[in-house]
Amino acid sequence: MKLLITTIIVLLSISLTAQNNNPNYDAELAKKLSADDYGMKGYVFAILKTGSNTSTDKELRSNAFRGHLNNINKLVKENKLVVAGPFEKNENSYRGLFIFNVKTIEEAKELIKTDPAIEAKYLDVDLYNWYGSAALSEYLKAADKIWKINP
């Protein structure tokens, strides 16, 4: 009887373990992307909001936002930013989001200092630690192949 119970426990344990293992798991890719056992990792999520600068100087504003877009491209090339994009007009004055490929809010604060629109206070930002798929940065390879006009 003990042998039967032990055998059942062993078989159940093997079955449960097998169900939890991914047959497509790529250890090299997981390591490259700094993935944990769940394929996830920490990022910093940023919500961009309308800032306090209400200047009507169109040239200054235009230059700040051109610098903002240039900075986004620079941070992507440095692998520090994996997602960026605007929101449609909304009641919260949310303007867009960033997902920084850094582990701490302090690191993200340093990167924010490089954004002319944030520094000029046309935009403000809230930062949050976020846990998401480590493969998020992999979409950038495809994204770079589908745009026709550089913003």
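Check the entry above for the structure.
Heads up: these notes are all about the structure in this document. (Residues numbered from 1 in each chain as written. Predicted model: local features only at pLDDT ≥ 70, side-chain atom pairs only at ≥ 80, totals over all residues. Heavy atoms only, no water.)

Taken as a whole, the second largest pocket holds about 380 Å³ of empty space. Looking at the second largest pocket, it is lined by 17 residues, and the ones nearest its centre are Asn22, Tyr25, Ala30, Asp37 and Gly39. A class-by-class count of the residues in the lining of the second largest pocket yields eight nonpolar, six polar and three charged. (1 Å grid on protein atoms, 1.4 Å probe; cavity = no way out; pocket = protein on both sides within 12 Å on 5 of 7 lines; lining within 4 Å. Points joined across faces, edges and corners; volume = space filled by probe spheres on them. Nonpolar A, V, L, I, M, F, W, Y, C, P; charged D, E, K, R; others polar.)

To continue, consider the pairing of strand 1 (residues 40-50). Consecutive residues of a regular strand have side chains that alternate between opposite faces of the sheet. The element strand 1 is extensively covered by neighbouring structure, given that eight of its eleven residues are classed as buried. Pairing between strand 1 and strand 4 (residues 123-133): eleven bridges, direction antiparallel. Of the residues in strand 4, the one forming a bridge with Thr50 is Leu123. (Buried < 20%, exposed > 50% of the residue type's maximum accessible area, 1.4 Å probe, protein only. Helix = DSSP H or I, 4+ residues; strand = E, 2+ residues; numbered from the N terminus. Pairing = 2+ DSSP bridges.)

Counted by the stated rule, this structure contains five salt bridges. A salt bridge links Glu78 to Lys74, with the nearest nitrogen and oxygen atoms 3.5 Å apart. A single salt-bridge network, built from bridges that share partners, covers Lys32, Glu138 and Lys141. (Salt bridge = Lys/Arg side-chain N within 4 Å of Asp/Glu carboxyl O.)

Fair warning: the whole summary comes from geometry, so function is off the table for now.
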